[in-house]
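Here is what each chain is made of, one letter per residue.
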Amino acid sequence: MKKIIVTATALVAASAFALTGCSGERGGGDTGAGTETETTGFEAGSTIGVALPDKTSENWVLAGQLFTDGLEEAGFKADVQYAPASNTVAEQQNQIQAMVTGGAKVIIIGAKDGKQLATQVQAAKDSGAYVIAYDRLIENTEAVDYYVAFDNFKVGQLQGQALLDGLAERAGHEAPYNIELFSGSPDDANSAVFFDGAMEVLQPKIEDGTLNVVSGQTEIAQTATEGWLAENAQNRMDTILTGSYGGDTALDGVLSPNDTLARAIITSVQQAGKTVPVVTGQDSEVESVKSIMEGIQYSTINKDTALLVEQAIKMVGQLQKGEDVDVNDTESYDNGKKIVDSYLLEPLIVTKENAAEAYANVPSLLEIVKSYQ
Ligand code: BGC
């Protein structure tokens, strides 16, 4: 039997956070150190449950297939489920409960609403299963063992910096620049982390007058995009353009948290007959990579889903053998009840300039990039 011991440094760091309320944690509260997960191993060939949310971006679609294939290749039985867009939260709760009843030994969850799964993940824990939060943190429960994701705060920082770089490159005039801010769905723990990362870069530039948020909407609640739905971003952009960008007031840039929303924002601006601003994104969706190569969308983020799924499956393998599970961050993700041991991968900013290099290991995207060169 092996145990994961939270390192002394992590404990010191965690208590320092608790004392000062210092940022550095990416989740809800200021909980102390994480609860240890004991890894006792389980039978090879067991069933592994994978509960994914609705398909609000291409990465979720891809993840399902990669989990099915990868888990089976690793010798497990894969039970991969998506929750339909119409009733995602309740369906996802039912699916996880069914995985527990069905005897899954590890349940990997891409949460639809990370605040509404405490009962189901506790049931998983009580049944002796391990719970891995995949891409999105599960909040307000001790029953989540690990978190595997791309470094969400870094994603936000890269987006903020890309917006500044894009403005300097493309706005065609000196500062001040007129910009607008969008964030993701409030039920996704990542949304605030992306936004905080971006605002760490942008806030000082708003304060010194380099950036002007013409609508005045700078609070996360004002910028949110319910359900990560394109139509909601497009409607909000339409309303802002009508209300704040009358006449020839130019919109120079938009912080968009992902590609789906970036394209909706661009559509709104085009329909309003305005020049397309510098728009950021995330996920390297096919249509956005094309748009970037055509010089329309400015940037995206490469979070290679294959690598994230591979890391999650590696964790499953380690749990099965009763080995230590690889984690590289034991202080950032406080879910309100514990600091969740995490494995964070590095996201990469992509613009037209570095696209070929950035997708060197992603053949399908590299092919698209090459077709424009
Ligand atoms: C993911 C993003 C994705 C968004 C919408 C987030 O939790 O990290 O990659 O764009 O959900 O699906």
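Residues numbered from 1 in each chain as written. Predicted model: local features only at pLDDT ≥ 70, side-chain atom pairs only at ≥ 80, totals over all residues. Heavy atoms only, no water.

Participant: Explain the sheet that holds strand S8 (residues 177-181) to me, and be specific about the residues and the numbers.
Facilitator: Across the sheet, four strands lie side by side as S9-S8-S10-S11; this open sheet has parallel pairing. Of all the strands in the sheet, just strand S9 (211-213) and strand S11 (278-279) have a single pairing partner and so form its edges. Inspection of the sheet shows S8 paired to S9 by three bridges, in the parallel sense. Paired with Tyr177 across the strands is Leu211, a residue of S9. Across the sheet, helix H6 (residues 189-207) lies against S8, S9 and strand S10 (253-255), angled at about 115 degrees from S9, the strand it touches most. (Pairing = 2+ DSSP bridges. Helix = DSSP H or I, 4+ residues; strand = E, 2+ residues; numbered from the N terminus. Contact = heavy atoms within 4.5 Å. Axes fitted to C-alpha atoms, helices over the stretch in contact; angles between N-to-C directions.)

Participant: Provide a residue-level description of the site of the ligand, including the pertinent values.
Facilitator: Thr56, Asp135, Arg136, Asp188 and Asp283 are the nearest of the 14 residues found near the ligand. Measuring from an oxygen atom of the ligand, one finds a side-chain N or O atom of Asp135 at 2.7 Å. Here an oxygen atom of the ligand and a side-chain polar atom of Asp188 are 2.5 Å apart. Coverage of the ligand by the protein chains reaches 100% of its 310 Å² of free accessible surface. Of all the secondary structure elements, the ones that give two or more residues to the shell around the ligand are helix H2 (58-73) and H6. For the shell around the ligand, a count of residues per class yields three nonpolar, six polar and five charged. (Near = heavy atom within 4 Å. Polar contact = N/O pair within 3.5 Å; in protein donor to acceptor, adjacent residues only side chain to side chain. Areas by Shrake-Rupley, 256 points an atom, 1.4 Å probe, with all protein chains shown as cover. Nonpolar A, V, L, I, M, F, W, Y, C, P; charged D, E, K, R; others polar.)

Participant: Provide a residue-level description of the environment of Ala221, including the pertinent values.
Facilitator: Position of Ala221 among the secondary structure elements: in helix H7 (residues 220-223). A relative accessible area of 69% places Ala221 in the exposed class. When the C-alpha positions of Ala221 and Lys321 are compared, they lie 44 Å apart, and in sequence the two are 100 residues distant. (Buried < 20%, exposed > 50% of the residue type's maximum accessible area, 1.4 Å probe, protein only.)

Participant: Residue-level account of the environment of Met199, with values.
Facilitator: Considering the arrangement of structural elements, one finds Met199 in helix H6. C-alpha of Met199 to C-alpha of Ala63: the two residues are 136 residues apart in sequence and 29 Å apart in space. If sequence neighbours within four positions are ignored, Met199 has contacts with Leu181, Pro204, Ile206 and Thr218.

Participant: Can you break down the confidence of the model for the protein residue by residue, with the values?
Facilitator: Summing up the model confidence of the protein, the mean pLDDT is 92 and the portion of residues at 70 or higher is 91%. A low-confidence stretch, residues 1-23 stays under pLDDT 50, and its non-local contacts, those more than four residues away or across chains, total 35 contacts. (pLDDT = per-residue confidence, 0-100.)

Participant: Got a sec to walk through the environment of Tyr298? Specific residues and values, please.
Facilitator: Among the structural elements, Tyr298 can be located in the loop between helix H10 (286-293) and strand S12 (299-302). The spatial distance from the C-alpha of Tyr298 to the C-alpha of Trp60 is 23 Å, given a sequence separation of 238 residues. In contact with Tyr298, other than residues within four places in its own chain, are Ala162, Asp165, Gly166, Glu169, Arg170, Val278, Val279, Ile292, Val350, Thr351 and Lys352. Only 2.9 Å separates the side chain of Tyr298 from the side chain of Glu169, close enough to count as a polar contact.

Participant: A description of H2 should follow, citing residues and the corresponding values.
Facilitator: For H2, with 16 residues, the first-to-last C-alpha span of 23 Å sits near the 22 Å given by 1.5 Å per residue. Of the positions making up H2, those classed as buried are Asn59, Trp60, Ala63, Gly64, Phe67, Gly70 and Leu71. Phi for Gly75, located one or two positions after H2, is positive at around 95 degrees. (Expected span 1.5 Å × (residues − 1).)

Participant: Give a description of the domain arrangement of the protein that names residues and reports values.
Facilitator: Interface size is commonly expressed as the accessible area that is lost once the parts come together. For the protein, the assigned domains read domain 1 (4-150 + 304-345) and domain 2 (153-303 + 350-371). On a C-alpha basis, the centroid separation for the pair domain 1 and domain 2 is 29 Å. Contacts between the two partners involve 17 residues from domain 1, matched on the other side by 18 residues from domain 2. Of the roughly 1500 Å² buried at the junction of domain 1 and domain 2 (both faces included), carbon and sulfur atoms supply 44%. Taken as a group, Arg26, Glu58 and Asp304 account for 32% of the area that domain 1 buries against domain 2, more than any other trio of residues on that side. Where domain 1 meets domain 2, there are two salt bridges. Note that Arg136 is salt-bridged to Asp188, the shortest N-O span being 2.9 Å. In this assembly, domain 1 and domain 2 are joined by seven residue pairs in polar contact (both at pLDDT 80 or more). Breaking the side of domain 1 that touches domain 2 down by element, the ones donating at least two residues are H2 and strand S7 (146-150). (Domains from an automatic or database assignment. Buried area = accessible area lost by both parts, 1.4 Å probe. Salt bridge = Lys/Arg side-chain N within 4 Å of Asp/Glu carboxyl O.)

Participant: Quick one: what's the story with the packing of aromatic side chains, residue by residue and with numbers?
Facilitator: In total, this model carries six aromatic pairs according to the counting rule given. When the centroid spacing of 5.2 Å and the interplanar angle of 70 degrees are considered together, the rings of Phe67 and Tyr134 count as edge-to-face. Highlighted residues: Phe67 in helix H2 and Tyr134 in strand S6 (residues 130-134), separated in sequence by 67 residues. Each member of the pair, Phe67 as well as Tyr134, carries the same accessibility label: buried. Centroid distance Phe194 to Trp228: 6.3 Å. Interplanar angle 70 degrees. Geometry classified as edge-to-face. (Phe/Tyr/Trp six-rings, centres within 6.5 Å; stacked < 30°, edge-to-face > 60°.)

Participant: A description of the pairing of strand S3 (residues 47-52) should follow, citing residues and the corresponding values.
Facilitator: Counting buried positions over the six residues of S3 gives five, a clear majority of the element. Across six bridges, the pairing between S3 and strand S4 (residues 77-82) is parallel. Paired with Val50 across the bridge in S4 is Val80. Regarding the hand of the β-α-β motif, the stretch spanning S3, H2 and S4 is right-handed. (Right-handed = clockwise from strand over helix to strand, strands pointing away.)

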